[in-house]
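Secondary and tertiary structure notes
Listed here are the chains, written in short residue letters.
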Amino acid sequence: MSLKTNTMAHARNRQLQNTLNDLIQQARENEKKQALYETLGFEIIGASSPEALLELVLTKTTARCQLDKIVLCLIDHHQDIKRLFFNHDDEVRTLYENRLAVLDNVKDTGFIDSLTRKPLLGTEALKKYRWMIADIKTRSLFKSAAYLPLMRGNRIIGALLLLSHNSNRFPQDAGTLFLQKLSIMAAVAIENCLNQQRIKEISYQDVLTGVYNRRYFDLRFKDEIARSLRWRDDLVCMFLDVDYFKKINDTYGHQTGDQVLTCIANLIKSQVRACDIVARYGGEEFVAALPATSLQHAHEIAERLRQTVQSTVHYFQDKPFYVTISIGMANFKSLDMLKLQDRPNSEEIAAALLDKADKALYQAKANGRNQIVVHTSDINNP
């Protein structure tokens, strides 16, 4: 064999060896990718709450996959996705709202129709789905994107948009197998988590009026108090009672009484914010917690509500009648225990605040009803 032929053979062997080494390296990288995406997928499926799911999908996946941002887009068929994910929690809303694009299934049909059922990579994905990042201030820094549809059977429920500052991160001809597996698991997790949250909300609702029940209020009230302690915000608790409700039942019947309670519940909800907690506490008594609200502002809300209730007409056999409510209020910052304890307990504070609001309600009824009383130190035990 000539020297030239021998040299060429060695060159081909080196080339083959380099190709083999590249293939082995690629295989190892693919194994690492597969392990990473499978681990992420199983963690996402195991998310115990909507908040935990958002953290896994939008924060941990971003960090582990070395991305610059992930946006989750969902089609809101039930008009409840933001409520289920944020659960009246302003901190979670502030953290994730610009990364969660919620599409109204009626108003946003144009955006919904643009959601393709196949992945799309590169600058084309970034251009086509730029509307998903319209609320992100740093959107001009993104140079490449991966669009992944979220499918359940043949139905598209939304999409993931993976974003990078690197223009070469998602080449258009790259394979999407690992990404598609992740999006499949994310779609399953999102649908299951939202459905579980819907079932949980049903168990927290008062069957008659549709507002929350006492069990849910007690849970959320402690959370809001803990948040008020952290942020040193005020929080107002209101007890609301329908005046002479027994007389309404005796005069017009229990069915009409139920209609009155439902109407009152709707009027209360119409006067408060989405982040406020309204619940039926028992019988004809309702309770509302207004976080991050001053006592003066809460009093204005209560007065508007009192006037709205007394001016709302009800009917029994085509004959009109009117009802009124009494309201007792107490605010978080007025509690003496906050000044006396170094580390106030949320449960003790909740009990104290409810007790003071209840005493104020008792005073409002003792004073003649159809009025608002704010708890002061001179209101004694009934």
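Structure: see above.
Residues numbered from 1 in each chain as written. Predicted model: local features only at pLDDT ≥ 70, side-chain atom pairs only at ≥ 80, totals over all residues. Heavy atoms only, no water.

**Some details on the sheet that holds strand 3 (residues 120-122)**
Rule in force here: Two strands qualify as a pair provided DSSP detects at least 2 bridges between them. Per the convention used, a helix needs a DSSP run of H or I reaching at least four residues, while a strand needs a run of E reaching at least two, with both numbered from the N terminus. Axes here refer to lines fitted to C-alpha atoms; in helices the fit is confined to the stretch in contact. Angles between the N-to-C directions go from 0 to 180 degrees. Throughout, a contact is declared for two residues whenever any of their heavy atoms are within 4.5 Å.
A sheet is described by the order of its strands in space; here five strands give the open sequence 2-1-5-4-3, paired in mixed fashion. A strand with exactly one partner marks an edge of an open sheet, and here the two such strands are strand 2 (100-104) and strand 3. Shown here is a sheet whose adjacent strand axes are inclined to one another by a mean of 15°, direction ignored. Contacting strand 1 (69-76) and strand 5 (155-164), helix 2 (residues 50-64) runs over the sheet at an angle of about 155° to strand 1.

**Structural notes on a nonpolar patch on the surface**
Applicable threshold: A patch consists of residues exposed above 30% relative accessible area that lack any salt bridge, with like charges linked at up to 9 Å and nonpolar side chains (Val, Leu, Ile, Met, Phe, Trp, Tyr) linked at up to 5 Å. Note on areas: Shrake-Rupley, 1.4 Å probe, and residue coverage restricted to the protein chains presented here. Salt bridges, as used here, are contacts in which a Lys or Arg side-chain nitrogen is within 4 Å of a carboxyl oxygen on Asp or Glu. Burial here depends on accessible area, computed with a 1.4 Å probe over protein chains only, as a share of the maximum for the residue type. Under 20% is buried, over 50% is exposed, and the range in between is partly exposed.
The grouping of Val 313, Tyr 315 and Tyr 322 at the surface amounts to a nonpolar patch, some 330 Å² of accessible area in total. With respect to the helices and strands, the residue Val 313 is situated in strand 10 (residues 313-316). Val 313 sits in the partly exposed class, given a relative accessible area of 32%.

**Things to note about the packing of helix 8 (residues 214-231) against helix 13 (residues 346-366)**
Note the following rule: Roughly parallel refers to an angle under 35 degrees, roughly antiparallel to one over 145, roughly perpendicular to one between 65 and 115, and oblique to any angle outside these ranges. Under the scheme applied, nonpolar residues are Ala, Val, Leu, Ile, Met, Phe, Trp, Tyr, Cys and Pro; charged residues are Asp, Glu, Lys and Arg; polar residues are all the others, including Gly.
It is at 9 Å that the axes of helix 8 and helix 13 come closest, and there the two elements cross at 110°. In this view, helix 8 runs roughly perpendicular relative to helix 13, as classed from their interaxial angle. Across the interface between the two elements, Phe 217, Phe 221, Lys 222, Ile 225, Ala 226 and Leu 229 of helix 8 pack against Ser 346, Glu 347, Ile 349, Ala 350, Leu 353 and Leu 354 of helix 13. Broken down by class, the residue content of the contact of helix 8 with helix 13 amounts to nine nonpolar, one polar and two charged.

**Notes on the pattern of salt bridges**
In total, this model carries 16 salt bridges according to the counting rule given. In this structure, Arg 227 and Glu 224 form a salt bridge, with 3.1 Å as the shortest nitrogen-oxygen distance. Of this pair, Arg 227 and Glu 224 both sit in helix 8, three residues apart, which is roughly one turn of the helix. The pair Arg 227 / Glu 224 is uniform in exposure class, with both members buried. One salt-bridge network, held together by shared partners, links Lys 82, Arg 93 and Glu 97.

**A look at the pairing of strand 11 (residues 319-322)**
The sheet contact formed by strand 10 and strand 11 spans four bridges and is antiparallel. Following the sheet pairing, His 314 is matched in strand 11 by Phe 321. Between the antiparallel neighbours strand 10 and strand 11 lie two residues, among them Gln 317 with a positive phi of about 50°.

**Brief notes about empty space enclosed by the protein**
Applied cut-off: A cavity here means a set of 1 Å grid points, computed over protein atoms only, where a 1.4 Å probe fits but cannot escape. A pocket is an open set with protein on both sides within 12 Å along at least 5 of 7 lines, and lining residues have an atom within 4 Å of a point. Grid points are joined across faces, edges and corners, and a volume is the space filled by probe spheres set on the points.
Overall, the coordinates contain one cavity of 30 Å³ or more when judged by the stated rule. Considering only enclosed or pocket space, the largest cavity measures out at about 30 Å³ in volume. Taken together, Ile 44, Val 57, Thr 61, Ile 70, Leu 160, Leu 162 and Leu 182 form the lining of the largest cavity. Within the residue set of the lining of the largest cavity, elements represented by two or more residues are helix 2 and strand 5. Classifying every residue of the lining of the largest cavity gives six nonpolar, one polar and no charged.

**With respect to helix 11 (residues 295-311)**
For an α-helix the count is 3.6 residues per turn, leaving residues at separations of three or four pointing the same way. Defined as follows: An expected span of 1.5 Å times one less than the residue number is assigned to each helix. By arc we mean the arc of the directions from the helix axis to the C-beta atoms, nothing more.
In this model, helix 11 (17 residues) spans 24 Å end to end at C-alpha, consistent with the 24 Å of a helix rising 1.5 Å per residue. Those residues of helix 11 not exposed but buried are Ala 298, Ile 301, Ala 302, Leu 305, Arg 306 and Val 309. Taken end-on, helix 11 shows its buried residues confined to a sector of 140°, consistent with a single buried face. Exposed side of helix 11, more than 90 degrees from the buried face: Gln 296 and Ser 311 are the residues found there. Check the buried side of helix 11 and you find it contacts strand 7 (235-242), helix 10 (254-271), strand 9 (285-291), strand 12 (325-331) and strand 13 (372-374).

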